[in-house]
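Residue-level structure breakdown
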Amino acid sequence: MDSLFELQMGAMLILSVILLGVEVWAFVEALRGRADLFQAHGKLTKPAWVAITGVAALLGFTSLGRPVSLLGIIGVVAAGVFLADVRPLVRPGKGNSSGPYGPW
């Protein structure tokens, strides 16, 4: 029974480290984004997203080993919203989101 518990705890630690990596990635991408594009696309300002993703990374760090805690989930959701909704619009060099036949 102890080996099953150790396996579960190891899996939780691995999952929490992966989620922390996603949160740090979101923070770095928020730092790299062009400040003018945040406003141009109607998103929160760059300092706001840097703060949100920074807090998300901090929450991920504090919940290492417990990725399904409330704080861990809040951090992952915040980072996920940034990566899915904001990052594609503000990436350096990706300022306009148009395809070969116009905007999409």
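Look up: the structure comes first, before these words.
Here the structure is a predicted model, which means the values were calculated and not measured. (Residues numbered from 1 in each chain as written. Predicted model: local features only at pLDDT ≥ 70, side-chain atom pairs only at ≥ 80, totals over all residues. Heavy atoms only, no water.)

Focus: the nonpolar core
Judged by nonpolar contacts, Ala-26, Ala-30, Leu-37, Phe-38, Trp-49, Val-50, Ala-79, Phe-82, Leu-83, Val-86, Leu-89 and Val-90 together constitute the single largest core of 12 residues. At the level of elements, helix 1 (2-32), helix 2 (35-40), helix 3 (46-62) and helix 4 (70-90) are the ones that each hand at least two residues to this core. Sort the elements by how many residues they give to this core and helix 4 lands first, with six residues. Those residues in contact with Trp-49 that sit more than four places away from it in its chain are Ala-30, Phe-38, Lys-43, Leu-44, Ala-78, Val-81, Phe-82 and Val-86. (Core = buried A, V, L, I, M, F, W, Y, C linked by side-chain atoms within 4.5 Å. Buried < 20%, exposed > 50% of the residue type's maximum accessible area, 1.4 Å probe, protein only. Helix = DSSP H or I, 4+ residues; strand = E, 2+ residues; numbered from the N terminus. Contact = heavy atoms within 4.5 Å.)

Re helix 1
In an α-helix, one full turn covers 3.6 residues, which means residues spaced three or four apart are oriented alike. Under the 1.5 Å per step criterion, the end-to-end length of helix 1 is 45 Å for 31 residues, consistent within 8% with the ideal 45 Å. What helix 1 keeps buried is the set Ser-16, Leu-20, Glu-23, Ala-26, Glu-29 and Ala-30. Tucked into the core, helix 1 has its buried residues touching helix 2, helix 3 and helix 4. (Expected span 1.5 Å × (residues − 1).)

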